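Descriptive analysis of the structure
Spelled out from the first residue to the last, the chains are:
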Amino acid sequence: MDPLLPAIQQMIDATNRGDDDALLGAFAEDAVVNDFGRTFEGRDRIAEWNTREHIGARTKIVVTGARTTGESTTVAVTVSGDGYNGPGTLTFRTHDTLIDRLDIT
């Protein structure tokens, strides 16, 4: 398993402790979250998604694997909470020190 880049680790840690500010701080201002085909563009929309469906749904993430290739990191996870529960894949694109895009499948 490849080590996680700091912004990705910050997003996962923030999720698990319910820290909205730290989660949003891991994303670039113009970042995109694609959650099973639904797209949330920019930190304001990501904050709304987070409140309704992520930290707001008491999501917890356990990392089970990770691979980084260039600016893309694919993270295998097990998710629990008041929303989706089960295995999933988080694919992050990062630039500099922030997450530019997160695709959740």
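Section: the layout of surface pockets
Empty space among the atoms can be located by rolling a probe the size of a water molecule over them. As a volume, the largest pocket reaches approximately 300 Å³. In this structure, the largest pocket is lined by 22 residues; those nearest its centre are Asp35, Glu53, Val79, Tyr84 and Ile104. For the lining of the largest pocket, the secondary-structure elements that each account for two or more residues are α3 (42–53), β4 (72–80) and β5 (86–95). Tallied by class, residues from the lining of the largest pocket come to eleven nonpolar, seven polar and four charged.

Here's the deal with unusual backbone geometry
For residues besides glycine, phi is generally negative; the peptide bonds are generally trans as well. For Phe36, which is not glycine, the phi torsion reads 50 degrees and is therefore positive. Structurally, Phe36 can be placed in the loop between β1 (27–35) and β2 (38–41). The backbone of Asp96 shows a phi angle near 55 degrees, a positive value even though the residue is not glycine. Relative to the helices and strands, Asp96 is located in the loop between β5 and β6 (98–104). Look at Asp96 and you get exposed, because its relative accessible area is 70%.

Considerations on the side chain of Thr94
Within the element layout of this structure, Thr94 appears in strand β5. The exposure class of Thr94 is buried, given its relative accessible area of 8%. Other than its neighbours up to four places away in sequence, Thr94 contacts Leu5, Ile8, Glu71, Ile99 and Asp100.

A look at the environment of Trp49
Along the chain, Trp49 turns up in helix α3. On a C-alpha basis, the gap between Trp49 and Asp35 in space is 9.2 Å, while along the polypeptide they are 14 residues apart. What Trp49 contacts, discounting residues up to four positions off in sequence, is Val33, Asp35, Phe40, His54 and Ile104. Here the side chain of Trp49 touches Asp35 through a polar contact of 2.8 Å, side chain to side chain.

Considering the pairing of β6
Where β1 meets β6, five bridges bridge the pair, whose relative direction is parallel. Within β6, the residue paired with Val33 across the bridge is Leu102. Here β5 runs beside β6; their pairing, made up of six bridges, is antiparallel. Bridging from a neighbouring strand, Phe92 pairs with Leu102 of β6.

Describing the sheet that holds strand β3 (residues 60–69)
Strand order in the open sheet formed by six strands is β2-β1-β6-β5-β4-β3, with mixed pairing between adjacent strands. Looking at strand neighbours, the two that pair on one side only are β2 and β3, the edges of this open sheet. Between one strand axis and the next, the sheet turns through 20 degrees on average, direction left out of account. Running over the sheet, α3 touches β1, β2 and β6 and is turned about 45 degrees from β1.

What counts, and where the lines are drawn
Residues numbered from 1 in each chain as written. Predicted model: local features only at pLDDT ≥ 70, side-chain atom pairs only at ≥ 80, totals over all residues. Heavy atoms only, no water. 1 Å grid on protein atoms, 1.4 Å probe; cavity = no way out; pocket = protein on both sides within 12 Å on 5 of 7 lines; lining within 4 Å. Points joined across faces, edges and corners; volume = space filled by probe spheres on them. Helix = DSSP H or I, 4+ residues; strand = E, 2+ residues; numbered from the N terminus. Nonpolar A, V, L, I, M, F, W, Y, C, P; charged D, E, K, R; others polar. Buried < 20%, exposed > 50% of the residue type's maximum accessible area, 1.4 Å probe, protein only. Contact = heavy atoms within 4.5 Å. Polar contact = N/O pair within 3.5 Å; in protein donor to acceptor, adjacent residues only side chain to side chain. Pairing = 2+ DSSP bridges. Axes fitted to C-alpha atoms, helices over the stretch in contact; angles between N-to-C directions.

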